[in-house]
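Here are the chains, one letter per residue:
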Amino acid sequence: LTSLFGMAVSLFFIVKVILPQIGTGANPILVVLLSSIFLIPVTFYLSHGVNTKTNIAIVGTFISALITGILAYVFTHESHLTGFANEEASFLDLAKNGTINIQSLLISGILIGSIGILDDVSVSQVSVVNEIHLANPKLTFIQLFTNSMRVGRDHVASMVNTLFLVYTGAAMPLMLLFLDNSLTFSQIINTEIVAEEVVRTLVASIGLILAVPTTTLMAAKFYAKKT
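Residues numbered from 1 in each chain as written. Predicted model: local features only at pLDDT ≥ 70, side-chain atom pairs only at ≥ 80, totals over all residues. Heavy atoms only, no water.

### Quick word on the nonpolar core
Phase 1: Formed by 40 residues in total, the largest nonpolar core has its most connected members in I18, L144 and Y223.
Phase 2: Listing elements by their share of this core, those giving two or more residues are α1 (2-23), α2 (28-48), α3 (52-78), α5 (102-135), α6 (141-170) and α9 (192-225).
Phase 3: In terms of residues, this core owes the most to one element, α5, which gives 11 residues. (Core = buried A, V, L, I, M, F, W, Y, C linked by side-chain atoms within 4.5 Å. Buried < 20%, exposed > 50% of the residue type's maximum accessible area, 1.4 Å probe, protein only. Helix = DSSP H or I, 4+ residues; strand = E, 2+ residues; numbered from the N terminus.)

### Looking at the pattern of salt bridges
Phase 1: Evaluation of the coordinates by the stated rule reveals 2 salt bridges.
Phase 2: Among the charged side chains, a salt-bridge network with shared partners connects E196, E197 and R200. (Salt bridge = Lys/Arg side-chain N within 4 Å of Asp/Glu carboxyl O.)

### Here's the deal with the environment of V160
Phase 1: Among the secondary structure elements, V160 is positioned in helix α6.
Phase 2: Between the C-alpha atom of V160 and that of P137, which follows or precedes it by 23 residues, the distance is 31 Å.
Phase 3: Beyond its immediate chain neighbours, meaning those up to four positions away, V160 contacts S205, L208 and I209. (Contact = heavy atoms within 4.5 Å.)

### Regarding the side chain of R200
Phase 1: One can find R200 in helix α9.
Phase 2: Those residues in contact with R200, other than ones at most four positions away along the chain, are L106, G109, I110 and Y167.

### Here we look at the confidence of the model for the protein chain
The predicted coordinates ought not to be read in detail in places where the model reports low pLDDT.
Phase 1: Looking at the protein chain as a whole, its pLDDT mean stands at 85, while 97% of the residues score no less than 70.
Phase 2: Highest mean pLDDT in the protein chain belongs to α3 (90); lowest belongs to helix α7 (residues 172-179) (72). (pLDDT = per-residue confidence, 0-100.)

### Here we look at the packing of α5 against α6
Phase 1: One way to put it is that α5 packs onto α6 with a least axis distance of 9 Å and a crossing angle of 155 degrees. Taken together, the axes of α5 and α6 lie roughly antiparallel to each other. Seen from above, α5 lies across α6 with right-handed handedness. Contacts between α5 and α6 involve I117, D120, V121, S124, Q125, V128, V129, I132 and H133 from the former and L144, N147, S148, V151, G152, H155, M159 and L163 from the latter.
Phase 2: In terms of residue class, the contact of α5 with α6 is built from 9 nonpolar, 7 polar and 1 charged. (Axes fitted to C-alpha atoms, helices over the stretch in contact; angles between N-to-C directions. Parallel < 35°, antiparallel > 145°, perpendicular 65-115°, else oblique. Left-handed = near helix turned anticlockwise from the far one by under 90°. Nonpolar A, V, L, I, M, F, W, Y, C, P; charged D, E, K, R; others polar.)

Dropping the structure here:
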């Protein structure tokens with residue numbers, strides 16, 4: 001029930017704060033980053049309770065989200081993505097008379113999606129470290145970190161595959177459309193509508209992979225000190 005309430009809070013905040021701010025011409029990336037300072041703690045505490053485990057997961061998610069945001073910015077610019085791959089972006093640009101930076105809007109969308117994925121990984125890893133510590137409180141920091149990372153590697157491997165399948169499933173009509181097209185693979189992969197999905201998947205995957213050692217390191221350091 002508290003998780004559902006947390007989801008409702010996220011929806012309310014997106015509809016009532018994030019979207020209106022972006023609609024007025026504010027920088028979408030800055031709006032999402034500042035909003036995450038409120039959203040991440042609130043949703044985490046509602047879903048997982050107010051405790052040390054959640055505190056560590058929040059800090060780990062903040063760090064990973066910041067890295068993911070930087071990666072999204074770099075990948076998007078280096079790939080020369082404009083954000084105009086779909087009709088909605090073009091309609092929005094016309095409706096707002098070009099006051100919204102569509103490329104920044106694309107980056108902020110990648111960031112919001114990544115934060116949701118980072119939630120799962122960060123909390124899971126802190127829980128793993130906590131359980132291993134409870135099972136054997138005598139483990140040193142290195143042992144605790146190494147044992148937890150074994151579980152983390154399995155978790156992140158399955159999550160990256162899940163992430164790929166989710167984005168692929170959403171793009172099935174697009175993929176079928178290109179399947180019957182005379183374009184070569186290199187031409188298809190370089191069309192913006194496909195390139196956006198590739199960048200989105202890569203950025204989210206890298207952020208996900210980095211979140212595991214980051215969160216595990218902090219959790220192992222904290223719990224090792226308790227012995």
